[in-house]
Amino acid sequence: LKRSTRRLVKAEMLRSVLCLAALLSASAFHHGGMLPLSRSSSPRLRAAQAHSRVQTRKQAMMPRMAFDMEALIQQTKDKRLEHLEEQAMFALKQVEQFQHAVFPNAMIAGDCVITHLLHRLGYLESGKVKIMVVDTFHLFPETMTFLSELERHYKFKADVFQAVGCADKAEYDKKFGADLWKIDIEQYDKVCKVEPFQRGLKTLNTDVMINGRRRDHGFERAYIDLFENAPIGGGLAKINPLAYWTFEDCFDYITKYKIPVHPLHAEGYPSIGDAKDTVKVPEDGSVKFADFKFVGKKSEWLDYAAERKGRFTGLANKDGSAKTECGIHVAGAERTFDRDLWEDGKSKVKTLSKNEAIKITSAGKEALVVTYAPWCKFCMGMEEELEKFASMYGDKIQVLKYRGDEDREFVQEKFKAKSFPTISLVTKDGQVKVLEPSSPEVRTVENFKKFANI
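Residues numbered from 1 in each chain as written. Predicted model: local features only at pLDDT ≥ 70, side-chain atom pairs only at ≥ 80, totals over all residues. Heavy atoms only, no water.

A separate point is the sheet that holds strand β11 (residues 398-403). Pairing within the open sheet is mixed, and its five strands lie in the order β9-β11-β10-β12-β13. A strand with exactly one partner marks an edge of an open sheet, and here the two such strands are β9 (350-351) and β13 (432-434). Alignment of strand β12 (residues 422-426) against β13, held across three bridges, turns out to be antiparallel. Directly across from L425, in β13, lies its bridge partner K433. (Pairing = 2+ DSSP bridges. Helix = DSSP H or I, 4+ residues; strand = E, 2+ residues; numbered from the N terminus.)

The terminal C-alpha atoms of helix α4 (residues 109-120), which comprises twelve residues, lie 17 Å apart, in line with the 16 Å expected from a rise of 1.5 Å per residue. Of all twelve residues in α4, ten are buried, a share of seventy percent or more. A109, G110, D111, C112, V113, I114, T115, H116, L117 and L118 are the residues of α4 that are buried. Phi turns positive, to about 80 degrees, at G122, one or two residues after α4. (Expected span 1.5 Å × (residues − 1). Buried < 20%, exposed > 50% of the residue type's maximum accessible area, 1.4 Å probe, protein only.)

To continue, consider the packing of aromatic side chains. The tally for this structure, following the rule as stated, stands at 16 aromatic pairs. Plain terms: the ring middles of F247 and F251 are 4.8 Å apart, the flat faces sit at 65 degrees to each other, and that makes the pair edge-to-face. Of this pair, F247 and F251 are both found in helix α10 (residues 247-257), four residues apart, which corresponds to roughly one turn of the helix. As far as the burial class goes, F247 and F251 line up, both buried. Among the aromatic residues, those joined into a cluster by ring pairs are F247, F251, F289, F294 and W301. (Phe/Tyr/Trp six-rings, centres within 6.5 Å; stacked < 30°, edge-to-face > 60°.)

So, on to the nonpolar core. By size, the foremost hydrophobic cluster in this structure holds 49 residues, and its most contacted members are L118, I210 and W245. What L118 contacts, discounting residues up to four positions off in sequence, is L92, F103, Y123, L124, V129 and I210. Counting 39 residues, the second-largest nonpolar core is a separate cluster that includes W181, C379, L425 and V445. (Core = buried A, V, L, I, M, F, W, Y, C linked by side-chain atoms within 4.5 Å. Contact = heavy atoms within 4.5 Å.)

Before going further, it helps to examine the packing of helix α3 (residues 69-93) against α10. α10 packs onto α3 with a crossing angle of 95 degrees between their chain directions and a minimal axis gap of 11 Å. As summarised for this structure, α3 and α10 are arranged roughly perpendicular, according to the angle between their axes. Across the interface between the two elements, K77, R80, L81, E82, L84 and E85 of α3 pack against E248, D249, D252, Y253, K256 and Y257 of α10. Its residues assigned to classes, the contact of α3 with α10 comprises four nonpolar, no polar and eight charged. (Axes fitted to C-alpha atoms, helices over the stretch in contact; angles between N-to-C directions. Parallel < 35°, antiparallel > 145°, perpendicular 65-115°, else oblique. Nonpolar A, V, L, I, M, F, W, Y, C, P; charged D, E, K, R; others polar.)

To continue, consider the sheet that holds strand β2 (residues 129-134). With mixed pairing, the six strands of this open sheet are ordered in space as β3-β2-β1-β4-β6-β5. The sheet is open, and its two edges are formed by β3 (159-161) and β5 (227-230), each paired on a single side. Neighbour-to-neighbour, the strand axes of the sheet open up by a mean angle of 30 degrees, direction not taken into account. Relative to β2, strand β1 (residues 101-104) runs parallel, the two being bridged by four bridges. Considered in β2, the bridge of P104 is made with M132. Against the sheet, α4 makes contact with β1, β2 and β4 (208-210), and its axis sits at roughly 150 degrees relative to β1, the strand it touches most. Relative to β2, helix α9 (residues 185-203) is tilted by about 155 degrees, and along the sheet it contacts β1, β2, β3, β4 and β6 (236-239).

So this is what it looks like as structure tokens:
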């Protein structure tokens, strides 16, 4: 019994010791790894222990990270940009398979990146790639000045194309009217952008075209790839070296190489087009890119599809939808790149010359005349119906065409053509009547027949 009692006493003593040790350990943890200070401790010891506790608490509050987050993010961005550069250079090198490479340059941020990449490859100074610019006569004054700076900086000379038959804005206003863009935005696009663009590619004998379209521009471009084949002639190769880049990637590249960019970025414009419909984003100009860095909330510019938020402001297509494209890169523009509507030698619709048009009202014959522009989608839309009409009733009435986009004042006076297409009936006594309303649904064989009183 005594032996058993001694064992119990020893067990209780051991349990007490362990409890005391646990309490001391907890107290030490609470006080920063030190035992509680006693009143008899020296002031120096108490100060040292207090400092140790403060440091321990600070360390405990710090994120438990073994890396520099900002540095790693920058490293990954640098690696991404290196990959994109390599990819873009690979794409651009494919021009060596062609004879006449052309880069239509609008001098926006992405185009400035491509210009620098072409310079690095030696293609600008050597002339391997030609730079083409479309001057709409409605650009910001700074744009053409900036082009001159680029020409000097990269040692090239751009080929500039404008509205047909117009050497300057005054001639354009006289021929097409200063308010054409207000009256008919689609016609303005074709006269000032699409036709000069197509004429430029033809003039330069283009067999491969470089452009700066990217997937992040918006849903219209969300699936483009580095290489395309446009339905032009036998096929025109297109290279999109920045297809997989973002707008932020473009500015990262610009910053990395300190390359020249359009001066209006420093005034709050993320993208630069015509002065008449391009605005700052946001409109107070609080975001800008100056001295190779952003000022303000850069997400206003860099969010998906945000680059062109300031473009085509206040403009709408004829169907009422918001305007998002100028018309250059859409399929409809490419369809008539290398052909006219109602082609001579193939069509029953005959071409009316200028001299014939002047005399037509005194010819004493009835004629159905379509005033058209080959790039106009509504003219394209009625091509088949008018061809059917000419095939069926061409023996009863002359069916003629006159291209009006190159002679606007004349067709307004002669055929009362205010837009394209206009269907005019010239009677035997020289009167001119216009088919109304001028809408796609009335441009049918049956309506042409009724209009001509056949």
